[in-house]
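# Residue-level structural notes
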Amino acid sequence: MRALVSAASRHGSTDEIAEALAAALRDNGAEVDLIEPAAVHEITDYDTIVLGSAIYLDHWMKDAKSFAERFADALRLRQVWLFSSGPVGDNDPPVGDPAGIPDLLKMTGAVEHRLFAGKLDRSELGFGERVAVRVVHAPEGDYRDWNAVRDWAEVILGTPRYTRHLEPEGTP
């Protein structure tokens, strides 16, 4: 498998999830490039794309959304997986998709979207971000589940190449 892992991150937490996904894919025999969304100019060499974004105010970051829009036609011809990171807290695991995910799934033909808990370090935030996390009472800490990230990489590796867009019409 030749894969591209790309993620938009504001403070680095989502980049670290992308790095862990890329490492887990490599550890299991995949050939993987890890490139920021804005730096990707071509995806023809990849049969699998893993695209992710940090979530801010329930939305994906601009660079990740732009990547999906730029490559929409080509993405629908490949195995595509989407992930988001951002919810924080010890309570229940994150549930539900951030705004716009159904549209991104349709646009890219993605196999699935996975939502991972994130990390909040107030010392890295700007003034507006600190106000926002105070308003929603977001707890500080690292809530990422590295086992869940590695498990998802195994799901990606175990799924046969997603070819529904490549088969001739009428093929069962």
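Let me begin by describing the structure that accompanies this report. Note that this is a predicted model, so its numbers are computed, not measured. (Residues numbered from 1 in each chain as written. Predicted model: local features only at pLDDT ≥ 70, side-chain atom pairs only at ≥ 80, totals over all residues. Heavy atoms only, no water.)

## Re the nonpolar core
To be explicit about the condition: Residues enter a nonpolar core if they are buried and are Ala, Val, Leu, Ile, Met, Phe, Trp, Tyr or Cys, with the set joined through side-chain atoms within 4.5 Å. Throughout this description, buried means an accessible area under 20% of the type-specific maximum (1.4 Å probe, protein chains only), exposed means over 50%, and partly exposed covers the range between. Secondary structure elements follow DSSP: runs of H or I no shorter than four residues count as helices, runs of E no shorter than two count as strands, and numbering proceeds from the N terminus. Only heavy atoms matter for contacts: two residues are in contact if any of them lie within 4.5 Å across the pair.
Ile43, Ile49, Trp60 and Phe67 are the most contacted members of the largest nonpolar core, which totals 21 residues. The set of elements that each furnish at least two residues to this core consists of β1 (2–8), β3 (48–56), α2 (62–70), β5 (79–85) and α4 (101–108). Here this core takes four residues from β3, the largest share from any one element. If near-sequence neighbours (up to four positions away) are discounted, Phe67 is found in contact with Leu4, Ser6, Pro37, Val40, Ile43, Ile49, Leu51 and Leu75. In this structure, Ala20, Ala24, Leu25 and Trp152 belong to the second largest nonpolar core, which totals 20 residues.

## A look at the pattern of salt bridges
Stated precisely, the cut-off is as follows: A pairing counts as a salt bridge when a side-chain nitrogen of Lys or Arg comes within 4 Å of a carboxyl oxygen of Asp or Glu.
Overall, the coordinates contain five salt bridges when judged by the stated rule. A salt bridge links Glu31 to Arg2; the nearest nitrogen and oxygen atoms lie 3.4 Å apart. Separated by 29 residues along the polypeptide, Glu31 in strand β2 (residues 31–34) and Arg2 in strand β1 bring together distant segments of the chain. The closest approach of N and O atoms between Arg144 and Glu16, which form a salt bridge, is 2.5 Å.

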